[in-house]
Amino acid sequence: MIEAPTPLLAVNALQAWYGESHILHDVNFDVREGEVATLLGRNGAGKTTTLKSIMGIVGRRTGSVRFEGQELINRPSDQIARAGIAFCPEERGIFASLGVEENLLLPPVVRPGGLSLERIFELFPNLKERLGSSQGTKLSGGEQQMLAIGRILRTGARLLLLDEPTEGLAPVIIQQIGKTIRALKEQGFTILLVEQNFRFAATVADRYYVIEHGRIIDQFVNAELEANVEKLHDYLGV
Amino acid sequence: MFEILGIPSSALFGQLLIGLINGSFYALLSLGLAVIFGMLNIINFSHGAQYMLGAFAAYLLLQYSGLGYWPALVIAPLLVGATGVIVERLFLQWLYKLDHLYGLLLTFGLALIIEGVARNYFGSAGLPYIVPESLQGGRNLGFMFLPNYRAWVIVASLTICISTWFVIERTRLGAYLRAATENPTLVRAFGINVPRMITLTYGFGVALAAFAGVMAAPIYNVSPQMGSELIIVVFAVVVIGGMGSILGAIVTGFGLGVIEGMTKVFFPEASNTVIFVIMAIVLLVRPAGLFGRRG
Ligand SMILES: Nc1ncnc2c1ncn2[C@@H]1O[C@H](COP(=O)(O)OP(=O)(O)O)[C@@H](O)[C@H]1O
Ligand SMILES: [Mg+2]
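Attention in this report is confined to the structure presented alongside it. Each chain has its residues counted from 1, running along the sequence as written. Each chain gets a letter, beginning with A, and each ligand a number, beginning with 1, in the order they are written. The predicted origin of the model limits local features to residues at a pLDDT of at least 70 and limits the giving and counting of side-chain atom pairs to 80 or more, whereas totals for whole chains, interfaces and linings rest on all residues. Note that the side-chain values use all heavy atoms of the structure and ignore hydrogens as well as water.

1. Some details on the interface of chain B and chain A
By definition, residues are in contact when any of their heavy atoms lie within 4.5 Å. Taken residue by residue, the interface counts 17 residues in chain B and 23 residues in chain A. Summed over both sides, the interface of chain B with chain A buries roughly 1,700 Å², with 61% coming from carbon and sulfur. Using a 1.4 Å probe, buried area is obtained as the accessible area two parts lose upon being combined, added over both of them. In terms of surface lost to chain A, no three residues of chain B exceed E182, A189 and F190 of chain B, which account for 34% of the buried area on that side. We count a salt bridge whenever a side-chain nitrogen from Lys or Arg sits within 4 Å of a carboxyl oxygen from Asp or Glu. Our count for the contact surface shared by chain B and chain A stands at 2 salt bridges. With a shortest N-O distance of 2.7 Å, E102 of chain A and R178 of chain B are connected by a salt bridge. Working definition: helices are DSSP H or I runs of at least four residues, strands are E runs of at least two. Numbering for both runs from the N terminus. Elements supplying a minimum of two residues to the side of chain B that touches chain A: α6 (172–182) and α7 (184–189) of chain B.

2. Here we look at the pattern of salt bridges
All names here are of chain B. Counted according to the given criterion, the structure contains 11 salt bridges over all chains. Across the pair E88 and R89 runs a salt bridge whose closest N-O atoms are separated by 2.9 Å. Throughout this description, buried means an accessible area under 20% of the type-specific maximum (1.4 Å probe, protein chains only), exposed means over 50%, and partly exposed covers the range between. Accessibility expressed as a relative area gives 35% for R89, which makes it partly exposed.

3. A short note on the site of ligand 1
All names here are of chain A. Throughout this document, a residue counts as near a molecule or strand when at least one of its heavy atoms sits within 4 Å of that molecule or strand. Within the structure, ligand 1 sits among Y18, I23, R42, N43, G44, A45, G46, K47, T48 and T49. Think of a polar contact as two N or O atoms within 3.5 Å of one another; within protein, one of them needs to be a possible hydrogen donor and the other a possible acceptor, and neighboring residues in sequence only count if both atoms come from side chains. Within the contact set of ligand 1, an oxygen atom lies 2.8 Å away from a backbone nitrogen or oxygen of K47. In this structure, T48 approaches ligand 1 through a side-chain N or O atom, which is 2.7 Å from an oxygen atom. Calculation on ligand 1 without its partners gives an accessible area of 560 Å², and the protein chains cover 59% of this total. The dominant element in the shell around ligand 1, judged by the number of residues it contributes, is helix α1 (residues 47–55), at 3 residues. When the residues that make up the shell around ligand 1 are grouped by side-chain class, the tally is 3 nonpolar, 5 polar and 2 charged. To be clear on the numbers: accessible area is Shrake-Rupley with a 1.4 Å probe, and residue cover counts the displayed protein chains and nothing else. Each residue gets one of three labels, nonpolar for Ala, Val, Leu, Ile, Met, Phe, Trp, Tyr, Cys and Pro, charged for Asp, Glu, Lys and Arg, and polar for the others, Gly among them.

4. Re the side chain of T252 of chain B
Residue and element names in this part refer to chain B. Assignment of secondary structure puts T252 in helix α10 (residues 246–266). Judged by relative accessible area, which is 6%, T252 ranks as buried. Setting aside residues no more than four positions away along its own chain, T252 makes contact with V237, I240, G241 and F291.

5. Here we look at unusual backbone geometry
Keep in mind that most residues, glycine aside, have a negative phi and that most peptide bonds are trans. Even without glycine at this site, E164 of chain A takes up a positive phi of about 45°. Accessibility expressed as a relative area gives 5% for E164 of chain A, which makes it buried. With a phi angle near 60°, N41 of chain B is a residue other than glycine that sits in the positive phi range. Mapped onto the elements, N41 of chain B comes out in the loop between α1 (9–40) and α2 (47–65).

6. Here we look at the coordination of the magnesium ion (ligand 2)
Ideal values for angles at a metal depend on the geometry: 109.5 degrees with four tetrahedral donors, 90 or 180 degrees with six octahedral donors. At the metal site, the magnesium ion (ligand 2) is ligated by T48 of chain A (OG1) and E90 of chain A (OE), and these contacts range over 2.0 to 2.4 Å. Residue T48 of chain A is located in helix α1, and its partner E90 of chain A is located in the loop between β6 (85–88) and α3 (100–105); the two are separated by 42 residues in the primary sequence. Metal donors were taken as nitrogen, oxygen and sulfur atoms no farther than 2.8 Å from the ion, or 3.2 Å where the ion is Na, K or Ca. Water is excluded, so coordination may look unfinished.

7. With respect to the packing of α2 of chain B against helix α3 (residues 69–90) of chain B
The relative placement of two packed helices comes down to the angle between their axes together with the axis-to-axis distance. Residues and elements named next belong to chain B. Here, axes are lines fitted to C-alpha atoms. For helices the fit covers the stretch in contact, and angles between N-to-C directions go from 0 to 180 degrees. Where α2 meets α3, the closest approach of the two axes is 9 Å, and the angle between their N-to-C directions is 130°. By the angle between their directions, the pair α2 and α3 is classed as oblique. By crossing handedness, the relation of α2 to α3 is classed as right-handed. On the side of α2, the interface is formed by Q50, L53, G54, A57, A58 and L61, while α3 contributes A72, I75, A76 and V80. Across the contact of α2 with α3, the residue classes break down as 8 nonpolar, 2 polar and no charged. Note on angle classes: values under 35 degrees are labelled roughly parallel, values over 145 roughly antiparallel, values of 65 to 115 roughly perpendicular, and the remainder oblique. Two helices crossing with the near one rotated counterclockwise from the far one by less than a right angle form a left-handed crossing, whereas a clockwise rotation gives a right-handed crossing.

Right under this line is the structure:
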C-alpha cells in the first residue's frame, strides 16, 4: 500500500454542542491537499455544524481539527481564518449595509496567493456588472452566492468550506457553480463541500463522506461512486 | 437693525447661534451613543458622566499640570476613552448577549457612581474654565456679534461629526464596523478581531463624549451634574433620529438644537419641552426614528 500524504485538514473525534444539545458526536474525516471532498447528509445531520466547528463558531467543541499540522480546536475563529481557511456560509452572509464591492473586498487577505479581482470576474462575470450596486442583498440569489464565493477567493486561504452553494438556485446557475468549483480545484484550491444535492456533488467531488446524527457513517472515493449509489440514495432519502 | 416676523434680527440670530452651539453638543453626544449602540448593542447611559469627566479632566490638567485647553482637547479624550476601554473589558463585554436592559442598568449605575464621586470631591457648584486666549473675543458680522469660541465649537463639532460619518460609511475600516454590526460572528470568521474592534469602538464613543466635555467647559462651567442635565435631551435626540443611525444622530442633533433655539424666540414657554414633544410625535408616527432602519 502506498503511504497516504498528511492531509491538509484532519478532523478527529470532533464533538460539538449548541448550549445543552449535543450535535456532533464523533466526526472523523480528512481532506487532502488539492482535492474536493464532499460531506453529504440529510437535513439536520450536522453538516453545517461540522463546518462551523472547523471554523470555530459553534458554542462548544472538543476533539481535534488539524490544518497543515497545526491544531486549531482551541483557537478563536479569527485566528482560524488567518491560518488559511475560508468559509462560505449556507445563508451566504451577504451584508445589507455594504455595497457589492464592499462585500467583495471585506474579507482581509490572510496570505499571499489569493485570486486577483480580474480572475474572480472571469469566474463570475455577473459580479463585475453588479459592482456598483449599493446594497449587497439587492442581488439575486445566484448573484449573492457568487459574491459569497468570490469574496473568499481573494484572501489567499488554501481551504474553502462551502456550505450548500447550490441550495435554492436555478439549474444554469448550479452548472456555473460546478464549473467554478472545478476551475478552483485546477488552480490548486482545496475544497470541503457540504451538499444534500448528491447529483451536483458527483460532478465535482473526489471523495465522499456521509454524515448522519452527528457521526460520519460512510466514506468512499469517486472511483467507488457507482457501487455506492444505492446506499447513498438510502442515506439521503432520495 | 431689522425685524423678521416682528422679532429683532439680533435676537433671532442670537438664538440661532445658541441653537447651533447646543446642536453641536447634541450631535457629538448622540453620535457617540449611535456608534456605541450600533456596535455594542448597549445604550450607554454613562455617556453624560463621561462627557462630564472630559470637562473635569481638562480642568484638572490645567490645575495640576498646567496643560491648557489645546493639549486638554487631545489628552482628556484619550484618558477618558481609556477608562471606557477598561469598563468595556471589565463589565460590558459580558452583557452583549443579554437584553438591552442589563447594559442600560450597568451604565446608569456607573454614571451615578462617577457623578457621586465627582460631587464628593468638587461639590456641585460649577468650576470656571476660561476660554483659551487664542479664541477670546469675537467678530461683528453686521447682523450679530459672533464670539470666536462659539464659532470654533460649531466648526469643530461639524468636522468631527463629518469625519466620523466618512470613516464609517466610506472606508474599509467602516465597512468592517458596519458588517460586524450586522453579523459579528461571520466577520470574525473572516479573520477580523471583532472583540478588539468592539472595545475600541466603545473607547472611541466615550472619547467623543469627553471631547464634547472639554469643548463645553469654557461655555457651561465644569460641574458634576453638567452631563446628567444634557444627556436627557440627547437621549430624546437619539430617539428622534433613530437609534444607531450615524447620519441621523448628526442631522437630528444640529436640527433640534436650531429648532429649540427658534422656539425660544417665537414661543419661549415651549422651549424646554419642544424636543420632547417632537420625540412623542416621532414615536407615534415613525417609531424607528426619522433615520432609523425598520425591523
Ligand atoms: N443554533 C442552534 N441551536 C441549537 N440547535 C441547532 C442550532 N443549529 C443547528 N441546530 C441543530 O443541530 C442539528 C444539526 O444542524 P445542522 O448542522 O445545521 O444540520 P445540516 O447542516 O446537516 O442540515 C439539527 O438538529 C439542528 O436542529
Ligand atoms: Mg446546513
